[in-house]
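Understanding the architecture of this molecule
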Amino acid sequence: MVLHPKTPLRRPPCRGLRRRLSLALGLAAATVLATTGCGLGSSDSGGSSGEPEHGGSVTILMPGEERGLDPFTASYSSVADSNRLSALYDVLVWTDPSTGGVRPKLAESLVSDQSARIWTLTLRPDVRFSDGSPLDAGTVKANWEAHRDPTVRSLVGGPLRGVQLTELGPLQLRIELPSSNANFDHTIARNLSFVAPRRLAGTPEGRYELKHAPVGAGPFKVKSWEPGREVRLERNPLYWQRDRPYLDEVVFRVDKDVEGSNKAIQAKRADLTLSTDPQSIAQARADGLVAEDARLNGGLMVAFNVRKGPFQDPNARRATALALSSTEISRRFYGGRGESARGIFDSASPLANVNLAAPENRPEEARALFAQVTNNGKKPFVFRYLVPDSAKMRATAEYIRQTLEGFPGVTVIVEVTDMASLVTRLAGNDFDATVCQLWADDVEPTIYQFLYSKAGLSNITGYANDIVDTALEDGRRSTDAGSRRDAYTRLQNQVNRDLPFWVYSSAVIGAVHRSDLVGIQLYNDGLIHFDAIGRR
């Protein structure tokens, strides 16, 4: 049986350790925590219903250039490289943000034992890459071993430290974790589901070849690639679903004019774009376009580098947050449509303590703290604020600069760069503060790695706190929503004291498209199943 991505799911119960992902049932039969998706997801799916026809091409506008098209150097974000990778590689498993359930695709099942330390991944038979090589357990092992090799500098390899990988057979991989993690399937879904052929993933020479000539097992393969401009993909005749994909071609085109994307789609110069701007999503609907959207944890935030420089001082971080207002940013730059954030958890998340909110918008307290930091304006407080090159990000950064420079002794240097360079600079610890876009369908693995002190490159702020580490560990050992919420309440309290970041807009992701494009369903943090979309 082929599991169609639009197949309805039962809502998984929020308890239990054992998990199964069963294609035979056509749904997740495992006991999976219904995390942010428990009541968070929303969509306007009227324009996406109907059976697609075979044939045709779709052009997708992406706001940033590619950091890479291989699983080891790419930026794992839906508005960066992950959607391109989804089309090229498909996924082992995926998370449905409307339910929180983890579901299979290239895998047949993903099962943990009662301790949640031993997981077993079973792959589909007869899945092949576009070069004809098989997708087997050894292939997954080679990819994951490359991710955790420090010389590869993978941004997603942290969760594999201390993990023992054993091939149980051609299609089965045993995954032994160093400690219990009842939510490890979310980690695989978000960080480890894109795999390349073993001959390419297993050696430095192969990974170099893969970086320049990507090969995947997804519904499409590379036809042409102009880095920084356009990736043109054509139908993969070896795709495991023989009647898929529907489309003959998918074109990803870089278009940094994010505000102009809706007009380009209306004018039929493009078919679809991904947006994290609530105002743009709302305007698209008003203009007669279709928008599928999902609310997630995380959001847009100012992230402080606490390892070095001016924001090692907690008073500087607190003063900055107290000087700014998420409501004012929403009013100025999102037409009042962006939801003011209360912290890193979405307000409707069953994991959040709704009585807690991160401090902000207390200008007199900010003035007193900045007076301490600057010795009443005599000691300059200067920091670099790194932002991606988009009109709204630049405008928001300018507002932040003007607001903070209203306090004596404060100087903000706004540095604008392209998305690929921004990711590189964050990985190299080359910033004082930056815009961070964190879209998390669960605490695992995204928020865990963002805050855990030993997470490596994923912890871009360098934040380290024992209370937060313990809360994260406690939360990952349980699938009970109440137990996890208790753990994350401790986390929220401590983060609100330390303020390694300040969230100013809640997370939303929207796929904006023409009404004749159907079969779109968002997964993870806003990825698309490219085998399912087409025209009607």
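The written sequence of each chain sets the order in which its residues are numbered from 1. With pLDDT at 70 or above as the cut-off, local features in this predicted model cover only qualifying residues; side-chain atom pairs require 80 or more to be listed or tallied, and sums for whole chains, interfaces and linings still use all residues. Side-chain measures here rest on the full set of heavy atoms in the structure, leaving out hydrogens and waters.

1. Looking at the overall build of the chain
What the chain contains, in helices and strands, is 15 helices and 20 strands. Its C-alpha atoms give the chain a radius of gyration of 22 Å, near enough to 24 Å, the size a compact globule of 536 residues would have. The dimensions of the chain, computed from C-alpha atoms along their principal axes, are 70 × 55 × 45 Å. Entry remark: accessible area of the chain is about 18,900 Å², with carbon and sulfur atoms responsible for 47%. Across the chain, the mean location of the 65 positive side-chain charges is 2 Å away from that of the 62 negative side-chain charges. The helix and strand labels rest on DSSP assignments: H or I over at least four residues marks a helix, E over at least two residues marks a strand, and numbering proceeds from the N terminus. We take the radius of gyration over the C-alpha atoms and set the globule estimate at 2.2 Å times the residue count to the 0.38 power. Per-residue and other accessible areas follow the Shrake-Rupley method at a 1.4 Å probe size, with only the shown protein chains counted as cover for residues. In this tally, Lys and Arg are treated as positive and Asp and Glu as negative; His is ignored, and so are the chain termini. By convention, charge coordinates are those of NZ in Lys, CZ in Arg, CG in Asp, or CD in Glu.

2. A word on the packing of helix 9 (residues 326-333) against helix 11 (residues 391-404)
Fitting a line to C-alpha atoms yields each axis, with helices limited to the stretch in contact; the angle taken between N-to-C directions then spans 0 to 180 degrees. Interhelical geometry of helix 9 versus helix 11 gives an angle of 135 degrees and a closest axis separation of 11 Å. The angle between helix 9 and helix 11 falls in the class oblique. In this structure, helix 9 crosses over helix 11, and the sense of that crossing is right-handed. Here Glu328, Ile329, Arg332 and Phe333 of helix 9 lie close against helix 11, whose contacting residues are Lys392, Ala395, Thr396 and Tyr399. Among the residues forming the contact of helix 9 with helix 11, the class breakdown is four nonpolar, one polar and three charged. Under this scheme an angle from 65 to 115 degrees is roughly perpendicular, one under 35 degrees roughly parallel, and one over 145 degrees roughly antiparallel; angles in between are oblique. By definition, turning the near helix anticlockwise from the far helix through less than a right angle yields a left-handed crossing, and turning it clockwise yields a right-handed one. In what follows, a contact means two residues having at least one pair of non-hydrogen atoms within 4.5 Å. Here the nonpolar group is Ala, Val, Leu, Ile, Met, Phe, Trp, Tyr, Cys and Pro; Asp, Glu, Lys and Arg are the charged ones; every other residue, Gly included, is treated as polar.

3. Notes on unusual backbone geometry
The peptide bond linking Arg244 to Pro245 adopts the cis configuration, its omega dihedral lying at -10 degrees. For the bond from Glu444 to Pro445, the omega torsion is -5 degrees, close enough to zero to count as cis. Structurally, Pro445 can be placed in helix 13 (residues 443-451). Positive phi outside glycine occurs at Asn376, with the angle close to 55 degrees. Within the secondary structure, Asn376 sits in the loop between helix 10 (363-374) and strand 13 (381-388). Relative accessible area decides the class of each residue, using a 1.4 Å probe on protein chains only: under 20% of the type maximum gives buried, over 50% gives exposed, and in between gives partly exposed. Using a relative accessible area of 58% as the deciding quantity, one classes Asn376 as exposed.

4. Concerning the environment of Ser133
Within the element layout of this structure, Ser133 appears in the loop between strand 5 (118-123) and helix 2 (137-147). Here the alpha-carbon distance between Ser133 and Ser98, two residues 35 residues apart in the chain, equals 34 Å. Separated by 2.7 Å, the side chains of Ser133 and Asp131 make a polar contact. Polar contacts, as used here, are pairs of N or O atoms within 3.5 Å; protein pairs need one atom able to donate a hydrogen and one able to accept it. Residues neighboring in sequence count only if both atoms are side-chain atoms.

5. So, the environment of Val508
Inspection of the secondary structure assignment puts Val508 in strand 16 (residues 501-513). In this structure the C-alpha to C-alpha distance between Val508 and Leu422, which are 86 residues apart in sequence, comes to 21 Å. When near neighbours in sequence (up to four residues on either side) are disregarded, Val508 contacts Ser275, Thr276, Pro278, Ile281, Asp293, Ala294 and Trp439.

6. Observations regarding the nonpolar core
Among buried residues, the Ala, Val, Leu, Ile, Met, Phe, Trp, Tyr and Cys ones that are joined through side-chain atoms within 4.5 Å form a nonpolar core. In this structure, Leu121, Trp144, Ile175 and Tyr385 are the most contacted members of the largest nonpolar core, which totals 108 residues. Ignoring sequence-local partners within four residues, the contact set of Trp144 consists of Leu92, Leu121, Leu160, Leu165, Leu173, Ile175, Ile188 and Leu192.

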